[in-house]
Structure formats: structure tokens, C-alpha cells
Amino acid sequence: MKLQRTFLGSVVSVVLVCAPGVRAQEQHQHHDESREAQKLGRVVFATSCQAGVKEDFSRAVAMLHSFWYQAAEKAFAAVAEKDPSCGMAYWGVAMSRFHPLWEKLSPADIEAGQAALEKARAAAKTDRELAYVNALTEIYRNADKVDHLTRLQAYEKAMDRLQREYADDTEAKIFYALSLLGTAYSSPADKTYQRQQKAGGILEPIFAEQPNHPGVAHYIIHSYDYPPLAAKALAAARVYAKVAPAAPHALHMPSHIFTRRGLWPESISSNLAAAAAAHKDNWIGEELHAMDYLTYAYLQGAQDGEAKRILERMPRVARGTPSYFAGLYATAAIPARYAVERRQWKEAAGLAAPEGVFPGGAACWAEATLYFARGLGAARTGDAAAARAAIAQLEGCGKELAAANDKLWGAQVEVQRRSAAAWLALAEGNKDAALAMMRAAADLEDGTDKHPVTPGAVVPARELLGEMLLELKRPVEGLTAFEVALRASPNRFWSLYGAGRAAELAGEQRKAAEYYDKLVDVCPAYDTDRAELQAARAFLRRVNAIE
């Protein structure tokens, strides 16, 4: 408990306690900070650049592999300044502007990347280096005319050719695996996870040979960041932060797998360290991203007081800051989670967007989280007019996303719209219509994948379906819904409680005890003890007394 509160009182002390490999700073007061900053993992990227910059170049690539894009760009630019004939340094600058798993290129990114690639092409000294430049050119060529996915697919094909032609180039294989993930993330949901598993299959043998390579561990996590695959990434998740403790994103990324597996204490430790490191680096978007994951994990363990302290200390994200899109999402998600996960419906219905933060248009996917929380809260408190207004906002956002051909976020927003509309229908007495809409929302969510920017939905649709079935006094069906929800999102507070309650009402006392026992196990008694947790404990005491 003392460790978790430290983040709120002193950012530096959390880094010392939580970040792997950093405890030595506490023990050795005079440790050289410049050496500490080198802890980015081991990368060896062969180039024709001057001998004096090769180590700096590989260090910049290590930053790139940990998505420390702003630091990587500066490091590549410094290499180019030392050795203007190093064509790959300019390639690195262009790679630092391209974020295959994050946001699309901005006009400023396109301009800077194209200029850097022109220099890279002019300075490239080998066919291999030119192949890297030509592959990346597929991302920047006609970027104002050709859609993002088409360019990602062209880049993937070019990287495939490169890694086949230069079969001894391990970095080519690693970047090819990343290109597969970029295409997969921007494509319609594929529940066979073909590209992701192909990427993982490329990376796993390299991981066995190069366990200290930051990109390999990082991309394995992304490859398997899905409910049926997440167990395959636990080994990588538990070493990545140790491999690259100087990179803020490396401290955060393991929590993707910890979240998928419902390992809340490990997720909390990971994101405390990540948020502190990002704060120190003035990386507001990444800090907010870690804070969103922290909020999610705290709330699953009923640590509502800790979640509130996160909410009260959120920094303000501004357009143009690194990881802007992640910060934008977290700005909406954190307050929405705090209200909805505590089932404080009036609070949720009253949520307001901070003035001047959300840009609107096709970026409405971020603010839609607030629309959803408001709509759900209003429906569940009987304010039909407010619920309709929020549902209309979700519908309008869906149209914006459809116009932008953003299928992933479009599906997410449609799940939110259907869910809110279902609870409004129930509030108005239309039980059959409500249940049909809620089932449709759950089915749609089951057929899509979450964006990597989010630890999970504010509330999964399948979980909401279970709660609706309980409202309708259909506990047997409700139990099934909660059990399906738990397969996708293990150890969620409300799914565990809902499964226990449904089993209790269905007369399955032993199964109820199993779910309640699990709920108590994942919810240590901190400063908030929810009534549902008290009820679970009371049930367990009664069962134990009888037995």
C-alpha cells in the first residue's frame, strides 16, 4: 500500500522502487546517470556509417524498438550531424515519425519523413540500406492520397522481400514482424490472428537467442495481446521492463499481458513505474496511457481511493504532444471508468468533457467514451432525455468514423451505442427489445478486437448483458453471460460478482462460492470496501458455517 501511494506523493521514489534495475540508484548514490540512460537493451544494427557513430545508431534503434519515438528521432538526428554520410540515420528519423501501431501520420510527419527519406536515399551506400529506405517509402508515398491500410500493406510486402533477400539480417526479420502487426491492427478483426501469430512465430526463436533485444520482447507482447493468446507472452512480459528500464514504454508494455490475464498487482507495479518514468520525461501522452491502465487495474481490485487519486492528478494533453492519441483517449476513459466501474450512475450521467481538449471529427472515438458513460448512467437513473442525447452523440460519432473508413473505432462506438440504447429500452419497459439490443452489442464486441490504446472497454458488453439478465430475473442465462465475459477478461470485479450472484440466485451454491471466493481473492481490503464485496464475504461466511 505504501508503494502505491508513493506515486502520488513523489514520482522519483516510485521509479526507484518499481523500475527493474533502477534500485541500484538507491544503493549507489553516485551512480553515473549517463550509464543508467543506456539501459535500453542490446541492439546491433549493421550499417555503412562511420565507426564512431555505429554504437549511437544502434542505441537509437533500441529507442525506436521501445516506441520512444521523440528520443529516437533526436538520437538519429545526432548521428546524422556527426556523420552526414550516414544514410540510415535519415531513415531512422523517418521511422521515428511512423508509428505503425499508434496513430496515423500527421501532415507534419509526412513532410518531415519525406524530407528525411530523400536524404537517406541520396546517402545510402549499400543495396541493403537502399532496400530499407525503399520499404519505408511505401508509407510516405502519396500519403495524402492513398489510405493508411493500403500503405501499411505495401510496406509489409516490401519488408517481407527485404527479410527474404537478406536472410542473415535479424533486424529485418524483427521489423518485418512489426509490419505484420501494423497491418493487423489496422485491418478488420481476424479472430484467427493469422498475422499476429506469424509475427510471434518469427520473433520467438530470436527471443531465445537474443533475450536482451528490446524489440523482440516488445513485439511478442503485441503479437499475443489477445485473450486466447496472452499466456504465450507472459515470459516476454516479465523480462521486457528489465531489458529496457530506461524506456518509459518498456515499463508499461508488460501490463498489456498482465491486464489480459487479470494480474492486477503486476499491472499496477508496471504502470506505477511507467507513469513515473513518462512524467520524468515530460511525455504526457504516455503518462496518461499508463494512468488509464492503472485506473483500470485499481478498480478491478476495488481500490477506489487509489483510482480517485489518479483521476485527481491527470495532466492535460495538448495536440502535438508525443502519444497525443493515447493521452486523448485516457483523458476521456479515466473519469468514465471511475464512475461506471463503481456503478455510480448519477455521477456517470453528469460527466462533462474538459473544455478545449477533444478535437471532434473522426477523433470522436476518444470523447465517445464519455458519451457512452453519460448515456448508460442516464438510462440507469431513468433520465430518458439525457440518455437519448448521449446516444445521438454516439450515432453522430459513428457516422464520422464511417466517413473516415475507421472500422475498428467505428465498431467500438457502435457497441457503445447499442449498449446504451439497450439500457434505455429496458428503462422504458421494452424488455424484449432491450435484451435483443444488448445481445447484439455483445455479439458485435465479441467479433471485434480492442485497440491497443485501451486496457479494455469501460464495461464489456457481455458483462452488461449478464447484468441485464439478472435485472430480468434470468440468472441461469446471466451466469452464462458472465462466464463468457470472464474468458475474455479474467478477474474483472463485476463479472466475478455477477457470476457469483447469478449462481447464487440459480441455486448453484458451490459455484457461487467459487466465484465469490475468487472475487475476495483479487480484491484486498484497502480503503474502499464495496457493498458487493461485503455481500460476497457474508455469503462465504454462511457457506463455511454450514459446511
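Refer to the structure printed above.
Residues numbered from 1 in each chain as written. Predicted model: local features only at pLDDT ≥ 70, side-chain atom pairs only at ≥ 80, totals over all residues. Heavy atoms only, no water.

## Looking at the state of the cysteines
Working step 1: Applying the stated criterion across every chain yields a total of two disulfides.
Working step 2: Between the sulfur of Cys-49 and that of Cys-86 lies a disulfide, 1.9 Å long from S to S. An S-S torsion of about 60° defines the bridge between Cys-49 and Cys-86 as right-handed. Taken as a pair, Cys-49 in the loop between helix H4 (33–36) and helix H5 (51–65) and Cys-86 in the loop between helix H6 (69–82) and helix H7 (87–97) lie far apart in primary sequence, 37 residues in all.
Working step 3: Listing the disulfide partners of the protein by sequence rank of the bonded cysteines yields 1-2, 3-4. (Disulfide = S-S within 2.5 Å. Helix = DSSP H or I, 4+ residues; strand = E, 2+ residues; numbered from the N terminus.)

## Looking at the side chain of His-213
Working step 1: Along the chain, the position of His-213 falls in the loop between helix H12 (194–209) and helix H13 (214–223).
Working step 2: Since its relative accessible area comes to 1%, His-213 is described here as buried.
Working step 3: In contact with His-213, not counting residues within four places along its chain, are Arg-42, Val-43, His-65, Glu-171, Ile-174 and Val-243. (Buried < 20%, exposed > 50% of the residue type's maximum accessible area, 1.4 Å probe, protein only. Contact = heavy atoms within 4.5 Å.)

## Re the packing of H5 against H13
Working step 1: At their nearest, the axes of H5 and H13 sit 8 Å apart, and the two run at 10° to each other. When the interaxial angle is binned, H5 and H13 end up roughly parallel. For the pair H5 and H13, the contacting residues are Ala-62, Leu-64 and His-65 in the first and Pro-214, Gly-215, His-218 and Tyr-219 in the second.
Working step 2: Taken together, the residues that form the contact of H5 with H13 break down as four nonpolar, three polar and no charged. (Axes fitted to C-alpha atoms, helices over the stretch in contact; angles between N-to-C directions. Parallel < 35°, antiparallel > 145°, perpendicular 65-115°, else oblique. Nonpolar A, V, L, I, M, F, W, Y, C, P; charged D, E, K, R; others polar.)

## Considering unusual backbone geometry
Only a minority of non-glycine residues have a phi that is not negative, and only a minority of peptide bonds are not trans.
Working step 1: Even without a glycine there, the phi angle at Phe-67 is positive, about 55°.
Working step 2: Relative to the elements of secondary structure, Phe-67 occurs in the loop between H5 and H6.
Working step 3: By relative accessible area, Phe-67 is classed as buried at 0%.
Working step 4: Phi at Asn-405 is positive, roughly 60°, even though this residue is not glycine.
Working step 5: Inspection of the secondary structure puts Asn-405 in the loop between helix H23 (384–403) and helix H24 (407–427).

## Structural notes on the nonpolar core
Working step 1: If you look at the biggest cluster of nonpolar residues, it comprises 190 residues, and the most contacted ones within it are Trp-91, Tyr-132, Leu-136, Phe-175, Met-438 and Met-468.
Working step 2: Residue contacts for Trp-91: discarding those within four places in its chain leaves Phe-45, Phe-57, Leu-64, Ala-120, Tyr-132, Val-133, Leu-136 and Phe-175. (Core = buried A, V, L, I, M, F, W, Y, C linked by side-chain atoms within 4.5 Å.)

## Concerning the pattern of salt bridges
Working step 1: Under the criterion given, the structure shown has 32 salt bridges.
Working step 2: In this structure, Lys-511 engages Glu-483 in a salt bridge whose closest nitrogen and oxygen atoms are separated by 3.3 Å. Of the two residues, Lys-511 is situated in helix H29 (residues 509–522) and Glu-483 in helix H27 (residues 475–488); the sequence distance between them amounts to 28 residues.
Working step 3: Accessibility expressed as a relative area gives 28% for Lys-511, which makes it partly exposed.
Working step 4: Salt-bridge contacts for Arg-501 lead to Glu-504; the nearest nitrogen and oxygen are separated by 3.4 Å. Here Glu-504 and Arg-501 lie together in helix H28 (residues 493–505), a separation of three residues that amounts to about one turn.
Working step 5: Judged by relative accessible area, Arg-501 falls into the partly exposed class, the value being 29%.
Working step 6: You can call Glu-504 buried: its relative accessible area is 19%.
Working step 7: Taken together, the salt bridges that share partners define one network made up of Glu-341, Arg-343, Arg-380, Glu-463, Glu-467, Glu-471 and Arg-492. (Salt bridge = Lys/Arg side-chain N within 4 Å of Asp/Glu carboxyl O.)

## Overview of helix H17 (residues 264–280)
Working step 1: Taking 1.5 Å per residue as the helical rise, H17 with its 17 residues ought to reach 24 Å, and the 24 Å between its terminal C-alpha atoms agrees with that figure.
Working step 2: The buried fraction of H17 is high, at 12 of 17 residues.
Working step 3: Turning to H17, its buried residues number three or more, namely Trp-264, Ser-267, Ile-268, Ser-270, Asn-271, Leu-272, Ala-273, Ala-274, Ala-275, Ala-276, Ala-277 and Ala-278.
Working step 4: One or two residues past the end of H17 sits Asn-282, with phi positive at roughly 60°. (Expected span 1.5 Å × (residues − 1).)

## Here we look at the environment of Arg-501
Working step 1: Considering only alpha carbons, one finds Arg-501 and Ala-336, 165 residues apart in sequence, at a separation of 25 Å.
Working step 2: Sequence-distant contacts of Arg-501, that is, excluding residues within four places in its chain, are made with Leu-470 and Tyr-516.

## Overview of helix H8 (residues 107–123)
Helical geometry note: an α-helix holds 3.6 residues per turn, so side chains three or four residues apart project in the same direction.
Working step 1: Counted at 1.5 Å a residue, the expected span for H8 with its 17 residues is 24 Å, and the 25 Å between its end C-alpha atoms agrees.
Working step 2: All of the buried residues in H8 are Asp-109, Ile-110, Gly-113, Ala-116, Leu-117, Ala-120 and Ala-123. For H8, the arc enclosing every buried residue in end-on projection is 160°, short of the 170-degree limit, so these residues lie on one face. For H8, the exposed residues set more than 90 degrees away from the buried face come down to Pro-107, Glu-111, Glu-118 and Ala-122.
Working step 3: Looking at the buried positions of H8, the neighbouring elements they touch are H7 and helix H9 (127–140). (Arc of directions from axis to C-beta.)

## Remarks on the packing of aromatic side chains
Working step 1: Summed over all chains, the structure comprises 21 aromatic pairs.
Working step 2: With a centroid separation of 6.5 Å and 80° between ring planes, the pair formed by Phe-76 and Trp-91 is classed as edge-to-face. Here Phe-76 is found in helix H6, whereas its partner Trp-91 is found in helix H7, with 15 residues between them in sequence.
Working step 3: The exposure class assigned to Phe-76 is buried, which follows from its relative accessible area of 0%.
Working step 4: Considering the side-chain rings of Tyr-193 and Tyr-226, the 4.5 Å spacing of their centres and the 35° angle between planes classify their relative orientation as tilted. Residue Tyr-193 is located in the loop between helix H11 (170–186) and H12, and its partner Tyr-226 is located in the loop between H13 and helix H14 (234–243); the two are separated by 33 residues in the primary sequence.
Working step 5: Its guanidinium or amino end placed over the ring of Tyr-338, Arg-342 lies 3.9 Å from that ring's centre, counting from NZ or CZ. (Phe/Tyr/Trp six-rings, centres within 6.5 Å; stacked < 30°, edge-to-face > 60°. Lys NZ or Arg CZ within 6 Å of the ring centre and 35° of its normal.)

## Some words on the environment of Leu-486
Working step 1: Topologically, Leu-486 is positioned in helix H27.
Working step 2: A C-alpha to C-alpha distance of 25 Å links Leu-486 and Arg-542, two positions 56 residues apart in sequence.
Working step 3: Setting aside anything within four residues of it in sequence, one finds Leu-486 in contact with Asn-491, Arg-492, Ser-495, Leu-496, Ala-499 and Tyr-515.

That's the geometry; what it means functionally is another story.
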